[in-house]
Amino acid sequence: MDNTKEGMHHCKFEVPEIIFGRGLLSQIGVCARRLGGHKVFLVSDQGLFDAGWVDKALKYIMEAGLEVVLYDGITSNPKDHEVTRGALEYVRQGADVIVGLGGGSSMDAAKGIAILVSNGGRIQDYVGPDSIIRPLPPLVLCPTTCGTGSDVSQFAIINDTEQRCKLTIMNRCVAPDISLTDPDILATLPEEFVCTTATDALSHALEAFFSVASTSLTDVHAIKALRLVSQSMVAAVREHRPEDLENLARASLHAGMAFSNSLLGIVHALAHPIGGLYDANHGSINAILLPEVIKYDIPVVAEKLPELAWGLGHRADGSADNAAEIVEERLDAMLEAARAPRSLRSIGVKKEDLPELAKKALKDVCIVTSPRQADEKDLLALLERAF
Ligand SMILES: [Fe+2]
């Protein structure tokens, strides 16, 4: 993949059909019907049920003339057994279209269920790139947080509860047929999750921008996402204004399109084993690792820093040294003001586990597109600095 601005000699950009707008959850049933569905398998979680969004979705689906089965047992860091049980239930109920309504957990679980119902076996069989053979059932994903990007991405991340690690599935067929975002849903998202999911979007955009597989097509979305996050993250966390939340929903979408096509880097390579071992919040882990990894990457991405500084809301003077300083300062200030967690220790990571986490991160698919190579020693040093 060519990562020069002008070149684009080899460039591929995949996105689902995207529907975005306030109030458009009302279209959820119409979307499923348009894909030929008659009986919807709705995958969601308890939090959204309690906030009333699941009932609304059920109503809209039935108003579109479809039958619907609710599967709302998904927990954060979705588990392999939740996916297996969901697939069995989908088949038992005779459903023919899957709708995921939720954060990354519900959407990734919906993807996992879609893989198993059409391909059989265990979710562990589909780890890595391109190991899914048969086409998936129709899939509609509706994000309800500010950051996972799962609704447009070619990734699904599922927890292997026996090995206590995250399984990364990468395949163009796990990108849904339709991504449907209704930013109004963010009104009920707790402050803590506004922050941690927005920092996930921030990580996606930054890592996509630095990725060795980035192209001008992914850069434009990464920078747009960064502009929106830097404009609205702190205000959205503190004041919860609809226009800021909508900006974050838009940022999630742009960052998702960027990283789905350029992949990620060391932040996510480290975040996956940490999330797998401790069942910790993904966005919190990213927020903690991001400043250290960006500092690590900066020496090899000097030419991109002025544009990045602009993306983070500052005018750079064109000097790479000065831009590096601005990027570091701006990032730090944003995370601090949004009250993001700042140390691995504070989220329960144990010092004695760091060597094992570094070893596992080295095998994560996200490490492949890191702009700066890292061995086990480098990864351990990054973890220690973030501890
Ligand atoms: Fe992420």
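## Some words on the domain arrangement of the chain
What the domain assignment lists for the chain is domain 1 (17-185) and domain 2 (190-386). Between the C-alpha centres of domain 1 and domain 2 there is a distance of 25 Å. Of all elements in the fold, only strand E1 (17-20), strand E7 (155-160) and strand E8 (165-170) reach the threshold of two or more residues within the side of domain 1 that touches domain 2. With four residues, the top contributor of residues to the side of domain 1 that touches domain 2 is E8. Within the side of domain 1 that touches domain 2, the residues separate by chemical class into 11 nonpolar, 14 polar and four charged.

## Here's the deal with the sheet that holds E8
Two modes of strand pairing occur in sheets, parallel and antiparallel, and in both the strands are linked by backbone hydrogen bonds. On the basis of which strands lie adjacent, the open sheet formed by three strands has the order E5-E8-E7 and mixed pairing. One side of each edge strand has no neighbouring strand; the edge strands of this open sheet are strand E5 (128-129) and E7. Relative to E8, E5 runs parallel, the two being bridged by two bridges. In the strand pairing of E8, Pro129 is matched with Met170.

## Quick word on the pairing of E7
Counting buried residues along E7, five of its six residues qualify, which places the element largely inside the surrounding structure. Both E7 and E8 contribute to a ladder of six bridges, which runs antiparallel. Within E8, the residue paired with Ala156 across the bridge is Ile169. In this antiparallel pair of consecutive strands, E7 and E8, the connection spans four residues, and Arg164 shows a positive phi of 50°.

## Quick notes on the packing of helix H9 (residues 266-278) against helix H10 (residues 282-297)
Between H9 and H10, the shortest axis-to-axis distance is 9 Å and the interhelical angle comes to 145°. In this structure, H9 crosses over H10, and the sense of that crossing is right-handed. Each of Ile266, Val267, Leu270, Ala271, Ile274 and Gly275 in H9 lies in contact with H10, whose residues at this interface are His282, Ile285, Asn286, Leu289, Leu290, Val293 and Tyr296.

## What to know about helix H7 (residues 216-239)
The terminal C-alpha atoms of H7 lie 34 Å apart, and with 24 residues this matches the ideal 34 Å at 1.5 Å per residue to within 8%. Just beyond H7, the residue with positive phi is His240, at close to 60°.

Reading guide: rules and limits
Residues numbered from 1 in each chain as written. Predicted model: local features only at pLDDT ≥ 70, side-chain atom pairs only at ≥ 80, totals over all residues. Domains from an automatic or database assignment. Helix = DSSP H or I, 4+ residues; strand = E, 2+ residues; numbered from the N terminus. Nonpolar A, V, L, I, M, F, W, Y, C, P; charged D, E, K, R; others polar. Pairing = 2+ DSSP bridges. Buried ≥ 20, exposed ≤ 12 C-beta atoms within 10 Å, placed from the backbone. Axes fitted to C-alpha atoms, helices over the stretch in contact; angles between N-to-C directions. Left-handed = near helix turned anticlockwise from the far one by under 90°. Contact = placed C-beta atoms within 7 Å. Expected span 1.5 Å × (residues − 1).

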